[in-house]
Each structure stands twice: as C-alpha cells, then as structure tokens.
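# Descriptive structure summary
Now for the letters of each chain:
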Amino acid sequence: MSERFLHVDPTMCVGHGLCWEILPELIGVDDWGYPLLPEGPIPREYRRRAARARAACPALALRLDGIRPRQRTRVEP
Amino acid sequence: MPLTVARPWSRSLDRPQGGLGALRLLAGPRRGGPEPWAEHCDRLGGPIGTEIRRRSPLSVIEDVRQAGLTGRGGGAFPTATKLAALARAGRRTAVIANGTETEPASAKDSVLLRLRPHLILDGLEAAAKVVQASALAVVVPTELERRILVSALTERSGPSALDVTEVVVASRAFVAGEETSVVNWLDGRAATPRLQPPRLSARGWGNLPTLVQNVETLAHLGLVARFGPRWFRTAGTGAEPGTMLVTVSGAAERTGVYEVPLGVPLGAILAAAAGDPSARFALIGGYSGAWLRLPEAASAPMSRAGLRPHAGAPGAGVVHLLEPGACGLAEGHLVVEWMARQSAGQCGPCVHGLYAIAKTMGTLARPGSSGPNDLELISRWCGQVEGRGACRHPDGVVNFVRSTLRTFGEEVDRHLRGRCSATRSGALPLARGQFSRALP
C-alpha cells in the first residue's frame, strides 16, 4: 500500500485528545491540548492505530490519506 | 532605469504620491478622483475588449507567464499558474477582484480603486476572458470604493461591458482578505478562512472554480494583455519584473502610496517619501513582515531576492518607518496584541497560541516585569503555532514576533534589566484611526 499521512483540519479540531491517547508514539500535544501530527508517512506498524485515531475523533477533524502535509498546506493552487 | 523621482502630490489617499522611474498604474492624470472611461481609453489606445477578443486564452496566459507577473496581494504567487489552473477547469468559472486590503499600514489597493478603477476592470475583463468566467465580483475596502466601482462599471460599454454581479464592501477583520475568506463572504458566510483543499480552483464562490486576484495584480494583468510581456519586463529585475505599489507610513514627511520598479533600493523609496534620516528601523511587508535596520539596509533592493538576506519580503508593499526614539519592542507588542485579536477564532493553536505570545510579549514590553523564561516561552509557542492554522495568519504573526525580538534584541536586554530607551511613542496603524502608541 502507498504512503499514508495524517492531517487535521484545525478549524474542526477542539482538542478532545483521543487521537494522542490512541497513538501517543506518533502524535504529540501542544501546550493547549491540540494534537501535533507527524509530517512524514505513518510507519506500517502504526497504520491500524492511525486509522482508529481518525475514526475515534469526535470532531471528525482527522484525515488519513496519501497527500503529503506540505502539499496540503500550500496556499495557492 | 533612471531613478527620476516623480513630484509628490498631496498627502491625501485620493491622490498618488508618485513613484520612482516610469509610472504604469499611477500614470495618467495627476488630479484626484477616478479616471473616467473615455480618458482611460484615449490614454491606453482604446477599450481592452477589442484587443482581448482577437486573442486566444492560452496566448494571454503565455504572455502573463513570460511577463513573470506575480500576485501583488502579498503572496507573490505566479499569476499565470493560477490562470492556467482555472483555464483547465473546462467549465464555467468565477473571478473575484480582491481589494479587501486589511493590512492596516497598506493603502495601495484603496488608492488604485479610487484613482484607476478601469485598470483593475481591464484586468478583470482579461482574466474573465481567459478562464471563461460566468460570475465576476469586486470586493472593496469601503463604501467609497464601492460607489466608484459601480459607477465605473456603468461607464464601460460595447466589447468592454462587464457583467459584474457583485461589488461588495469587505468585512474588516485582518483575515477577511485571505482568498477563502473572500469566497465565504461572497457566499453569505462569515469572512473567515477555510482549509484548502478543496482548492478554490476546484470549488469556490457558488461552488464554481474560482480565481481570486488582488486588484493591483489585475491592473498589471490588464496592461500585460495590452502591451505584452516584453514591455512589462522593461521595469523591475529579471527574476522579479514589473512595478509594485508601496505604502510608506510612519516617520516620513510625504507618507502615501508610491509606484516603484521591483528591485529599487529601500533607501530610494525612503528618500522619495522624505523619510526621517535619523530613523533606525523600517518594517517591511506589513504585520507578517520583518524589521530592517537603517541605514545598513537602505541599499537592500525591494524584491524577494533583495530582502531575503534580511529575512524579509516585499509582501503587499508596506514600508513603515519607526519614529526615532520609539521603542520597537513596545510598539511591536501592541501590534502582536492586535494581531492576536484578529484571529478568526477557528483554530485552537492560533486562538490560544497568539494570545499567549502576545501576553508574554506584554511582560517583556513593560521594563522589569518579565519572568526569566519569557523569551524561551515565546520561542516555544512560536514553534507550536507555526503552520497549524487553516490560513497563514499565525505564521505571519510568528514571523513578525521573531523579527521584532531579533531586531530589537538590545532593547529586550534593556527591558529585562528594567529600563527602556523610548523617549516618545510610535504610531503603527492598527484599526482605522487607531495606532500603536506605547508611551515611554
């Protein structure tokens, strides 16, 4: 399977914190309780839990897809 | 190009201050008020519609690419790339002329809208033709510009009549000028940014693929469509061609809007505006920009390449001279506090992070009130906020905070020892009619 990346829509995330409870090895938390996601691809052994974290988000703010985060945050088309 | 300094006119926003070298956007009548359609056509050789109709969309895009035109709203993104993305859409599209101009120290979009509405509408017409737009809108800063644009639209006739469905006064929040905010505003929602993708070139205003271009960019685009890329490249540098509008404010006798070729030395702009020669610091690029030291940086060219060594960028062309004797740290804190309050309130790291940074900068700004870890805390929070908003607002504030702490490093040390060098207050513009005034 191709590389997978975790993304958060910061306008939807309110910092429930379920994602970093499920995947603390990869997901950090900032001083206000919002998740710090890995910029690189999710290693194979964490993919299952990354999918669980995405599904567990009560705000539906997480996405798991094949787009590198840097491409996503570029402002223009 | 010889640096002939055009004679400045009035201080008023309704008249241009002139420029350095050949004027393009501010060429024409030197009186105030919008240039009428007939005069505009006489001066530029007829209505643009007759020129544009003969051309294929792709040839216009190719001209824009060769001209090297980039966005003048601050992003400096290649205009041809945006046009091409829309032209590929293969269906009806929308074009929005963005004159929101929420940067408090910038007045150039307002000046252009008031003086040369038809240059902007020419560009809108060219862009609309190229991307086969079925919906056009102009977003303006205030009711005055709205009236000017509405009346300019009624003047245009024949091939240059434009079916602009909306001329809208923008929302006044700082983030309201961001392109997704503008689309949300036109769609009847709050003027707050949204995360891309979906890109506006895929889904924008009324769900149409949408092109949002700054009004100055459109004005240049219209001139490129008329006179071609070779003409466009006769001003500016090879890598960054053309002219740009800059707004000079602060410690200068002739503050206002100037047109300058890209790459002109910062010192030449300050000289044209009769900047206070004893001023030691200039803020370039606005409130996501950087402070430059004077006179050391006076030779720095006003271009991305020229300002990069100073960790700055021309942005939307803001040049603010800090009043000699004002404390850059204290004034900078007031700007950061204002910018923190300009958060749209959507993204947690921006809401909480900018608030924390502004509050801690406040303790630094008050001599002797700061804790021992304040600098480390600010640096930590800057790292945690950067890149974590749906838009670039937090990134811009972080850039400004880092530049302020770096540039006024000596002042920071002085404040930590309980002293401040200020002998007077500064005057960085905030909301309309409000200024930072950190009392010494």
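In short, a report on the structure. All figures in this text were calculated on a predicted structure; none of them were measured in a lab. (Residues numbered from 1 in each chain as written. Chains lettered and ligands numbered in written order. Predicted model: local features only at pLDDT ≥ 70, side-chain atom pairs only at ≥ 80, totals over all residues. Heavy atoms only, no water.)

Turning next to helix α14 (residues 374-385) of chain B. Residue and element names in this part refer to chain B. Over its twelve residues, α14 extends 16 Å from the first C-alpha to the last, a length consistent with the 16 Å expected when each residue adds 1.5 Å. Taken as a whole, α14 has its buried residues at D374, I378, W381, C382, Q384 and V385. Axial view of α14: buried residues confined to an arc of 165 degrees, hence all on one face. On its buried side, α14 packs onto α13 (348-365) and α15 (393-407). Note on α14: the residue one or two positions beyond its end, G387, has a positive phi of about 75 degrees. (Helix = DSSP H or I, 4+ residues; strand = E, 2+ residues; numbered from the N terminus. Expected span 1.5 Å × (residues − 1). Buried < 20%, exposed > 50% of the residue type's maximum accessible area, 1.4 Å probe, protein only. Arc of directions from axis to C-beta. Contact = heavy atoms within 4.5 Å.)

Chain B puts 24 residues into the contact, and the matching count from chain A is 18 residues. With both chains or domains summed, chain B and chain A bury close to 2000 Å², and 55% of this area falls on carbon and sulfur atoms. Area buried by chain B at its contact with chain A is led by B:L195, B:R199 and B:R388, which between them contribute 27% of it. The interface formed by chain B and chain A holds two salt bridges in total. Residue B:R388 pairs with A:D30 through a salt bridge whose shortest N-O separation is 2.8 Å. For the interface between chain B and chain A, the tally reads six residue pairs in polar contact (both at pLDDT 80 or more). (Buried area = accessible area lost by both parts, 1.4 Å probe. Salt bridge = Lys/Arg side-chain N within 4 Å of Asp/Glu carboxyl O. Polar contact = N/O pair within 3.5 Å; in protein donor to acceptor, adjacent residues only side chain to side chain.)

Take the pattern of salt bridges next. All names here are of chain B. According to the stated counting rule, one finds 25 salt bridges over all chains in the structure shown. Between R280 and E296 there is a salt bridge, with the nearest N and O atoms lying 4.0 Å from each other. Pair noted here: R280 is in the loop between α10 (266-272) and β7 (281-284) and E296 is in the loop between β8 (290-293) and α11 (304-307), with a separation of 16 residues, a long-range link. Connected through shared salt-bridge partners, R72, K108, D109 and E216 make up one network.

Take the side chain of B:T247 next. All names here are of chain B. As for its position among the elements, T247 is in strand β5 (residues 243-250). Looking at T247, the relative accessible area reads 5%, which means it is buried. At 3.4 Å, the side chain of T247 forms a polar contact with the backbone nitrogen of K108. Those residues in contact with T247, other than ones at most four positions away along the chain, are A105, S106, A107, K108, G256, V257, G317, V318 and V319.

All names here are of chain B. Spatially, five strands are ordered β6-β5-β9-β7-β8 in an open sheet, and the strand pairing comes out mixed. Here the strands that pair on one side only, and so sit at the sheet edges, are β6 (256-261) and β8. Direction aside, neighbouring strands of the sheet carry axes that sit 30 degrees apart on average. Pairing analysis gives six bridges linking β5 to β6, with the strands arranged antiparallel. (Pairing = 2+ DSSP bridges. Axes fitted to C-alpha atoms, helices over the stretch in contact; angles between N-to-C directions.)

Below, the discussion takes up the sheet that holds strand β1 (residues 93-98) of chain B. Residue and element names in this part refer to chain B. In spatial order, the strands read β3-β2-β1-β4; together these four strands make up an open sheet with parallel pairing. Because the sheet does not close on itself, it has two edges, and the strands there are β3 (164-169) and β4 (210-214). The average angle at which neighbouring strand axes cross in this sheet is 20 degrees, direction not considered. Here strand β2 (residues 133-140) pairs with β3 via five bridges, running parallel. In the sheet register, V140 faces β3, and the bridge partner there is V169. Here helix α7 (residues 143-155) sits on the sheet and contacts β2 and β3; the angle it forms with β3, its principal contact strand, is near 160 degrees. Contacting β1 and β4, helix α9 (residues 215-232) runs over the sheet at an angle of about 95 degrees to β4.

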